[in-house]
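Commentary on secondary and tertiary structure
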Amino acid sequence: MAPIITTLIVIGIIVLAIVIGVAVIRHKLNQVTRKYLNKSLSEVGDAIKEGLNDDSQPPRKISAMTSIHQPKFSKDFPETSYSQIESMARNALMGYLNAVENCDTAKLYKPSVNLRNQTIKRISDNSSKEKPEHFDQVKIHKTALANYIKTDGSADAVFEISFECYHYFDESEKLNAPNQLACSVVMNYGRAEGDDSNEAVFAHNCPNCGAPVSAIAGNKVCEFCGSGFTEVDTMVWLADSIKFI
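Residues numbered from 1 in each chain as written. Predicted model: local features only at pLDDT ≥ 70, side-chain atom pairs only at ≥ 80, totals over all residues. Heavy atoms only, no water.

1. Some points on the pattern of salt bridges
We apply this condition: The rule for a salt bridge is simple: a side-chain nitrogen of Lys or Arg has to be within 4 Å of a carboxyl oxygen of Asp or Glu. Secondary structure elements follow DSSP: runs of H or I no shorter than four residues count as helices, runs of E no shorter than two count as strands, and numbering proceeds from the N terminus. Relative accessibility thresholds used throughout: buried, under 20% of the residue-type maximum; exposed, over 50%; partly exposed, between the two (1.4 Å probe, protein chains only).
In the structure shown here, the tally under the stated rule is four salt bridges. The closest approach of N and O atoms between glutamate 86 and arginine 90, which form a salt bridge, is 3.2 Å. On the criterion of helical spacing, the pair formed by glutamate 86 and arginine 90 is a turn pair, its members being four residues apart in helix 4 (residues 82-102). Accessibility expressed as a relative area gives 16% for glutamate 86, which makes it buried. With its nearest N and O atoms 2.9 Å apart, the salt bridge here joins glutamate 133 to arginine 122.

Printed below as a string of structure tokens:
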């Protein structure tokens with residue numbers, strides 16, 4: 001029996017040494033984490049575990065071309081505040097998400113007929129699948145002017161907007177953290193407010209000779225007869241298209 005007892009004693013000593021070693025290492029690690037992180041070892045472990053289980057993602061990247069396109073915009077529309085149009089783009093996005101979720105195009109913000117039809121189609125597609133679309137707790141991160149296109153009679157300011165929200169069709173699909181999304185919002189200048197026609201008249205007429213004058217702001221002199229005039233701007237900016245990037 002003596003050899004067996006000796007073996008058990010040896011094993012006990014080894015186990016005890018391991019336990020003491022682990023305790024010493026744990027104590028040293030606790031000292032280090034408290035010194036440099038102001039947290040105990042267990043608190044650091046919990047923080048790491050929480051981080052691994054966190055489904056959140058950084059905001060979506062969007063085109064940062066505002067510094068290139070904004071000067072062109074301001075030159076063509078010297079009497080229009082760029083920040084106002086940027087704010088309208090954000091309002092248009094919020095209105096669109098609200099309209100889709102509530103199946104009500106009346107919630108759209110300054111829509112063109114094109115955006116209204118686009119919204120109706122999305123609502124109809126969701127209805128055919130019997131899956132209402134939800135956009136909960138929307139928070140906008142960043143708005144940038146991605147492109148600016150001007151013709152003789154109209155202009156498009158293309159904004160990209162990054163935002164987060166809980167986007168889902170069924171409650172069971174809702175994530176623990178918000179989805180990071182981005183949309184392209186096209187603001188169009190070229191129709192009178194309330195004009196739902198697909199073809200808009202994009203010109204004013206000179207009060208002296210009747211020649212057409214571009215609706216884009218900045219034309220104060222008729223290029224045909226040279227007469228000066230004060231332009232009465234009846235056109236407005238409308239949200240023309242919204243697409244997920």
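After presenting the structure, the write-up continues.
2. Regarding the nonpolar core
Across soluble globular proteins, nonpolar side chains have a tendency to be buried as a group. This is how it is decided: Side-chain atoms within 4.5 Å are what join buried Ala, Val, Leu, Ile, Met, Phe, Trp, Tyr and Cys residues into a set we call a nonpolar core. Any pair of residues with heavy atoms lying within 4.5 Å of one another is described as a contacting pair.
With 31 residues, the main nonpolar core has Leu93, Phe159, Val185, Met187, Trp237 and Ile242 as its most contacted residues. For this core, the secondary structure elements donating two or more residues are helix 4, strand 1 (134-150), strand 2 (155-168), strand 3 (179-192) and strand 6 (235-244). By residue number, the principal contributor to this core is helix 4, which donates ten residues. If we skip the residues at most four places from it in the chain, methionine 187 touches Ile85, Met88, Ala89, Ala92, Ala155, Asp156, Ala157, Phe159, Trp237, Leu238 and Ala239.

3. Re the confidence of the model for the protein
Quick note on the threshold: The predictor reports its confidence for every residue as pLDDT, a score running from 0 up to 100.
Residue-level pLDDT values for the protein average 81, and 75% of them are 70 or greater. Confidence drops under a pLDDT of 50 for residues 197-203, and excluding neighbours within four residues, the segment shows 19 contacts in the predicted structure.

4. So, the environment of tyrosine 189
Here tyrosine 189 shows up in strand 3. Note on tyrosine 189: relative accessible area 1%, which makes it buried. Each C-alpha atom, one on tyrosine 189 and one on alanine 157, is 8.3 Å from the other, the two residues being 32 residues apart in sequence.

5. Some remarks on the state of the cysteines
What counts, and what does not: For this text, the term disulfide refers to a pair of cysteine sulfurs within 2.5 Å.
Per the counting criterion, the structure on display carries zero disulfides. This cysteine, cysteine 165, is not joined by any disulfide, and cysteine 183 carries the nearest cysteine sulfur, 8.9 Å off. What makes cysteine 165 buried here is its relative accessible area of 0%. Residue cysteine 183 is classed as buried on the basis of its relative accessible area of 0%.

6. Focus: helix 3 (residues 66-76)
Quick reminder of the rule: This arc corresponds to the set of directions leading from the helix axis out to the C-beta atoms.
All buried positions along helix 3 are accounted for by Thr66, His69, Phe73 and Asp76. Taken end-on, helix 3 shows its buried residues confined to a sector of 105 degrees, consistent with a single buried face. Of the residues in helix 3, the exposed ones pointing more than 90 degrees away from the buried face are Ser67 and Lys75.

7. Let's talk about the packing of aromatic side chains
How we decide: Aromatic rings from Phe, Tyr and Trp, taking only the six-membered ring of Trp, are treated as a pair when their centres fall within 6.5 Å; an angle between ring planes under 30 degrees marks them as stacked, one over 60 as edge-to-face, and anything in between as tilted. The rule for a charge over a ring is simple: NZ of Lys or CZ of Arg within 6 Å of the ring centre, and within 35 degrees of the ring normal.
Counted under the stated rule, the structure contains nine aromatic pairs. Each ring, one from phenylalanine 73 and one from tyrosine 82, has its centre 5.8 Å from the other, and the planes form 75 degrees; the classification is edge-to-face. Overall, tyrosine 82 belongs to the buried group, its relative accessible area being 10%. Ring-pair connections join several aromatic residues into one group, and the members of that group are Phe73, Phe77, Tyr82, Tyr148, Phe159, Tyr189 and Trp237. Above the face of the tyrosine 166 ring, lysine 174 is positioned so that its terminal group lies 5.1 Å from the ring centre.

8. Considering unusual backbone geometry
The backbone of cysteine 103 shows a phi angle near 55 degrees, a positive value even though the residue is not glycine. You can see cysteine 103 is positioned in the loop between helix 4 and helix 5 (113-128). The backbone of glutamate 130 shows a phi angle near 55 degrees, a positive value even though the residue is not glycine. If you trace the backbone, glutamate 130 turns up in the loop between helix 5 and strand 1.

9. Remarks on the packing of helix 4 against helix 5
We count it as follows: Angular values range over 0 to 180 degrees, each being the angle between N-to-C directions of two axes fitted as lines to C-alpha atoms, with helices fitted over their stretch in contact. Crossing chirality is assigned from the near helix's rotation relative to the far helix, an anticlockwise turn below a right angle marking it left-handed and a clockwise turn marking it right-handed. The nonpolar class holds Ala, Val, Leu, Ile, Met, Phe, Trp, Tyr, Cys and Pro. Asp, Glu, Lys and Arg form the charged class, and all remaining residues, Gly among them, are polar.
Helix 5 packs onto helix 4 with a crossing angle of 35 degrees between their chain directions and a minimal axis gap of 9 Å. Considering how the two elements wind past one another, helix 4 and helix 5 form a crossing that is right-handed. Contacts between helix 4 and helix 5 involve Tyr96, Ala99 and Val100 from the former and Leu115, Gln118, Thr119, Arg122, Ile123 and Asn126 from the latter. Classifying every residue of the contact of helix 4 with helix 5 gives five nonpolar, three polar and one charged.

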